[in-house]
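In case you want the letters, here they are:
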Amino acid sequence: MSGTPRNALDVLDVLRVFCGPDGRFGNALGVVRDPRGYPDEPARQKLAAELGFSETVFVDDPERGVVDIYTPGARLPFAGHPLVGAAWLLDLESVSAPAGEAWARNDGEFTWIEARAEWAPPWTLRQYGSAAEVEALDVPPPGAGAPPAPEGLWESVYAWAWQDEAAGRVRARAFPGRGEGVDEDEATGAAALLLSAQLGRALNVIQGRGSQILTAPGPDGVVEIGGRVRFADSAVGSPVMR
């Protein structure tokens, strides 16, 4: 493509990352393949806010996999579903975010990246007694944190419970609590990474309405995160969870 794109629709792919076994659900991701029209952080942040996805990723170097990640209100050094989605879309062997370089692979059904727990943004991992308790949680009002966080505390909470502890099956929901329009995240790779690192074991996570995230701890503090990726039904749309 030559010249500067006139708008994001010229260069935007919308993916669903961490889809369920039936190919549904997954977290919406905007991928700007040619970001020359968005050369700096203010322009990228503005576009991410306008799109409203939980994350939008800008591909600065498609050959080396250099990417830049934004929520509607902040730039992130690392996030799981943008890196998995970009690796799948561009068929990359590695993806480089500001936090570091993540090796990537595709096994036919799942796309995987290797990442370190210290790269992830802070999440409070809050365990509940049963999957039913997690499913019954109310979505907190915008900017109010997550249950039972005190009112006004912007706390990113990953609520989880064992579905089958022996098999490593987890039921989870994620409440970013940032007050930027995404009150519940449909699938959160960074939080699943942190949980897998904390528990020291491979996990099969069902999050949100039916998204699936797989994790596998490796040597030296590295954790693999994997999931299915699909193109969204339309080029532009609302985030999966609002």
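Presented here is a report on the structure given in the accompanying data block. Quantities reported herein were computed from a predicted structural model and do not represent experimental measurements. Per chain, residues are indexed from 1 in the order of the written sequence. Reporting of local features is limited, given that this is a predicted model, to residues whose pLDDT is at least 70; pairs of side-chain atoms are given and counted only at 80 or more, and all residues count toward the totals for whole chains, interfaces and linings. For the side-chain quantities, the full set of heavy atoms in the structure was used; hydrogens and water were omitted.

Relative accessibility thresholds used throughout: buried, under 20% of the residue-type maximum; exposed, over 50%; partly exposed, between the two (1.4 Å probe, protein chains only). To qualify as a helix, a DSSP run of H or I must reach at least 4 residues; to qualify as a strand, a run of E must reach at least 2; elements of each kind are numbered from the N terminus. For helix α1 (residues 41-51), every residue scored as buried is listed here: Arg44, Gln45, Leu47, Ala48 and Leu51. Each buried residue of α1 sits inside an arc of 165° when the element is viewed along its axis, so together they form one side. Structural note: α1 exposes Pro42, Lys46 and Glu50 on the side pointing more than 90 degrees away from its buried face. Two or three places before Ala43, at the start of α1, stands the capping residue Asp40, its side-chain oxygen 3.1 Å from that residue's backbone nitrogen. Arc definition: it is the arc formed by the directions from the helix axis to the C-beta atoms. By the criterion applied in these results, polar contacts are pairs of N or O atoms within 3.5 Å in which, for protein atoms, one can donate a hydrogen and the other can accept it, and in which residues neighboring in sequence qualify only through two side-chain atoms.

Let us look at the pairing of strand β3 (residues 55-61). Both faces of the sheet carry side chains from a regular strand, because those side chains alternate between them. Most of β3 is tucked away: 6 of the 7 residues are buried. In this structure, strand β2 (residues 27-32) lies alongside β3, joined through 4 bridges in parallel fashion. Looking at the pairing, Val32 lines up with Phe58 of β3. The path from the first strand over the helix to the second decides the hand: if it runs clockwise while the strands point away from the viewer, the crossover is right-handed. Handedness of the crossover is the feature at issue here: the chain leaves β2, passes through α1, returns alongside β3, and the resulting connection is right-handed. Judged from the 5 bridges that link them, β3 and strand β4 (residues 66-70) form a sheet pairing that is antiparallel. The residue bridging Thr56 from the neighbouring strand is Tyr70, located in β4. The pairing criterion for strands is at least two bridges between them, as found by DSSP. With antiparallel pairing between neighbouring strands as the criterion, β3 and β4 make up a hairpin whose turn holds 4 residues, including Gly65 at a positive phi of roughly 75°.

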